[in-house]
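One-letter residues, chain by chain:
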Amino acid sequence: MGFKLGNEKRRFRGPSDTPIFKKKLESGVTAEANMDGSIFVDSSIPTNSTKFKKIIKHEMSHKEDIETGRAAYGDDWVMWEDNIYFRKTIDGEKVIDGPNGRWPEGHENHPWEAKAIQAEKQ
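It should be emphasised that the depicted structure is a prediction, and the values quoted were computed from it without experimental measurement.

How each quantity is defined
Throughout this description, residue numbers start from 1 for each chain and increase along the sequence as written. Since the coordinates come from a predicted model, pLDDT governs what is reported: local features require at least 70, and pairs of side-chain atoms require 80 or more to be given and counted, while whole-chain, interface and lining totals use all residues. To get the side-chain values, take all heavy atoms of the structure and skip hydrogens and water. In this description a helix means any DSSP run of H or I spanning at least four residues, a strand means any run of E spanning at least two, and both kinds are numbered starting from the N terminus. Partly exposed describes any residue whose relative accessible area lies between the buried limit of under 20% and the exposed limit of over 50%, with all areas from a 1.4 Å probe on protein chains only and scaled to the type maximum. A pair of aromatic rings is counted whenever rings of Phe, Tyr or Trp (Trp by its six-membered ring) have centres within 6.5 Å, and the orientation is called stacked for planes under 30 degrees apart, edge-to-face for over 60 and tilted otherwise. Note on criteria: charge over ring means Lys NZ or Arg CZ within 6 Å of the ring centre, with the direction from the centre no more than 35 degrees off the ring normal.

Look at D82: it is not a glycine, yet its phi comes out positive at around 70°. Here D82 shows up in the loop between β6 (77–80) and β7 (83–90). Positive phi is not limited to glycine here, since D91 has a value of about 50°. Mapped onto the secondary structure, D91 falls in the loop between β7 and β8 (93–98). According to the relative accessible area criterion, D91 is exposed, its value standing at 80%.

Moving on, we come to the packing of aromatic side chains. Applying the stated criterion to the full structure yields 3 aromatic pairs. One Lys or Arg, K23, reaches over the ring of F40 and ends 4.3 Å from the middle of that ring.

Here's what the structure looks like:
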């Protein structure tokens with residue numbers, strides 16, 4: 001006997017046929033570009049909103065950097081232009097000791113974030 005899971009749409013295709021999944025992400029995180037080429041967007045972001053479109057441009061920039069080998073990441077590190085930078089949690093805040101110093105994850109002072117923030121404006 002089969003059963004039906006419902007009709008909620010959880011996956012769709014973005015630019016360049018990128019798989020985009022809506023899911024609940026950790027607090028303060030709106031989206032993630034994944035090493036497999038997919039993108040996660042927090043389920044609280046309306047799909048047709050300006051914010052969603054801006055997020056996709058940002059994450060597509062990260063995806064491009066991953067695909068070209070300019071960037072990569074794991075749970076405890078970020079690679080940018082062949083240099084490894086370590087992730088840490090200090091006093092409950094997630095930070096990365098990047099090329100421009102220690103900044104919170106997602107901060108515009110990280111060069112990979114500065115590039116993605118610029119892509120949002122295009």
